[in-house]
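A closer look at the structure
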Amino acid sequence: MNRSSLCLSLTGATVAENLKEIERYDCYCDLYELRADYLEPLSISALSSFPAQVKKPVIITVRRAADGGHFKGSEAERCGILRRCLASGYRYIDLEEDFQDQKIEQAAEAGGVTVIRSFHDFSGVPADLGRIIRNIKRNSGEVIKAAVMVQNTQELLKLVELALELKAQDEWGNRIILGMGPMGFPTKVLSTILGSSITYSYAPGRQAAPGHVDPQTLVDLYRFPLVNQNTRIFGVIGNPVIHSKSPWLHNRGFSLRAMDDAVYIPFQVDNLEAFFQLAEVLDIRGVSVTIPHKQGVIPFLSSRDEGVEAAGACNTIVWRDGLRRGYNTDISGFMAPLKESMGGAIPAGFRAAVIGAGGAARAVVYALRKEGVEVLILNRTVERAQDLAVAFGCSYGSLEEQERIADFSDLIVQTTSVGMNRECPEYDPIPGYSFSGGEIVYDIIYIPRLTPLLKRAMDSGCRVINGWEMLIAQAGIQFRLFTGQDLLREANSGIADRY
Ligand code: ATR
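How each quantity is defined
- Residues numbered from 1 in each chain as written.
- Predicted model: local features only at pLDDT ≥ 70, side-chain atom pairs only at ≥ 80, totals over all residues.
- Heavy atoms only, no water.
- Buried < 20%, exposed > 50% of the residue type's maximum accessible area, 1.4 Å probe, protein only.
- Helix = DSSP H or I, 4+ residues; strand = E, 2+ residues; numbered from the N terminus.
- Pairing = 2+ DSSP bridges.
- 1 Å grid on protein atoms, 1.4 Å probe; cavity = no way out; pocket = protein on both sides within 12 Å on 5 of 7 lines; lining within 4 Å.
- Points joined across faces, edges and corners; volume = space filled by probe spheres on them.
- Nonpolar A, V, L, I, M, F, W, Y, C, P; charged D, E, K, R; others polar.
- Near = heavy atom within 4 Å.
- Polar contact = N/O pair within 3.5 Å; in protein donor to acceptor, adjacent residues only side chain to side chain.
- Areas by Shrake-Rupley, 256 points an atom, 1.4 Å probe, with all protein chains shown as cover.
- Axes fitted to C-alpha atoms, helices over the stretch in contact; angles between N-to-C directions.
- Parallel < 35°, antiparallel > 145°, perpendicular 65-115°, else oblique.
- Left-handed = near helix turned anticlockwise from the far one by under 90°.
- Contact = heavy atoms within 4.5 Å.

1. Describing the pairing of strand β13 (residues 316–320)
Counting buried residues in β13 gives four out of five residues, a clear majority hidden from the surface. With three bridges connecting them, strand β11 (residues 284–289) and β13 associate as antiparallel partners. Looking at the pairing, V287 lines up with I317 of β13.

2. Some words on empty space enclosed by the protein
The tally for this structure, following the rule as stated, stands at one cavity of 30 Å³ or more. Taken as a whole, the largest cavity encloses approximately 40 Å³ of empty space. Contributing to the lining of the largest cavity are L156, V160, P186, T187, L190, L194, F267, L278 and L282. Looking at the lining of the largest cavity, the elements with two or more residues in it are α6 (153–169), α7 (185–189) and α10 (272–282). For the lining of the largest cavity, the residue count by class is eight nonpolar, one polar and no charged.

3. Things to note about the site of the ligand
Surveying the vicinity of the ligand reveals 13 residues, the closest of which are A357, N379, R380, T381 and R384. Between an oxygen atom of the ligand and a side-chain N or O atom of R380, the distance comes to 2.9 Å. Compared with its free state, where it exposes 640 Å², the ligand has 71% of that area covered by protein. For the shell around the ligand, a count of residues per class yields four nonpolar, seven polar and two charged.

4. Quick word on the packing of helix α9 (residues 246–256) against helix α16 (residues 467–483)
α16 packs onto α9 with a crossing angle of 50° between their chain directions and a minimal axis gap of 10 Å. One element, α9, and the other, α16, form an angle in the oblique class. For the pair α9 and α16, the sense of crossing is right-handed. From α9, L249, H250, G253 and F254 reach across to α16, where they touch L471, I472, A475, Q478, F479, F482 and T483. Broken down by class, the residue content of the contact of α9 with α16 amounts to seven nonpolar, four polar and no charged.

5. Quick word on the sheet that holds strand β6 (residues 143–149)
With parallel pairing, the eight strands of this open sheet are ordered in space as β7-β6-β5-β4-β3-β2-β1-β8. Looking at the sheet topology across the chains shown, the edges are occupied by β7 (175–180) and β8 (198–202). Each strand axis lies, on average, 25° off the axis of its neighbour in the sheet, ignoring direction. Sheet topology places β6 next to β7; six bridges connect them, and they run parallel. Among the inter-strand pairings, M149 is bridged to a residue of β7, identified as M180.

Set out below in structure tokens:
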């Protein structure tokens, strides 16, 4: 079966640096692209001996600044470098669509060096990309490469549709179509499905740009070698989403279950309508939904579970029997670690204070009320606390009324996003409340793991639960909805070191 090759772009300043990178990533890569435009002048002379030192095919590229590269010399100098490389064992030579030196093209053909005819657009996906791709080939043996910046979901849809259309018309191995930027990221993982004969990766830290991926992540996390025509595609939609932990959990879950036919990818989405079209085109089987789309996806669903209806938010969609089924696994995900910490059930007469009244609080309040818990909602904006309290039959107040927590102090749940991502590292929403030590304190924030509130609670002897436990529990429920199997506990081991 045809499979896309994994190429590492070498952008070191010296040949020695590049060889070191090859040594590190060789077990993941099928070929290399030597970006001579990144080499310092002294290393240019070492270009001819480079392919002999590498056991895999090498592409030689000298990219001009106008095409996103670093080469600052004249076109004559650039051609001089390329010419010297032609007889040095390079397997491919990258020449831009407007490259003007027929002698180099002829020499490449005569020497068995394949021309990669490349087209770049850093401003977006051109409306006439199909025409461009069909027209830029000059000689029959050339491989066409189009690398375009994907600016929005509509453009990703357009690019994917075009890639599939060309794949259906033409034989394998003639094209590389890649989306750049975080929105183009799925095209890197799905290159085999999209008919691209090569996907490009970069070593971490080097030319790191949003949407770039290193070879190890592509293979170990995104299961690149396994992705093919029969792969079931899952993912997470959000904006931004590239740093989501969900790909780690789900892809590890697939590996642990030996499900070689599934992959889970982040889709940065700014237009839900375009995404749902893309989902049809790619036959996506299931997605997790995160900020800011948990409410926005609801009109697109064919069916909604009780949690979606009650919380007004959907965090899981499964495509089955032609239907888009929406679920809210945040609710059970919130409840699972709480129940576990209480030996499996919530006792009668249990009382809880919920801090915050946004979307996350809504799911939490619904989950607690369903279990018969008496709830007090405190929020900075008291009207929002009131709306939520009226909807679910709770008490409410402003964040200033922290003394009222004492009457609802079996459980205190922090749902505001203020301390998220270490943005407000000192934030404690209830500084005026003194813990007795008997409370369970639950902060749904997962970065940092120990928020100031949890730390203070722990120091006072309280039982604490953090957002990681909720995240992992809800992912487990999602995994079951996606695959019908349990997410094994080992799936989350090591995740702490990564995030
Ligand atoms: P989410 O879906 O994550 O809950 P949200 O619906 O925007 O996001 O709700 C954010 C919650 O954090 C709200 O309770 C918000 O309080 P307001 O309703 O008063 O806006 C709370 N929040 C956000 N910033 C806050 C701050 N600086 N201090 C206190 N509460 C804050």
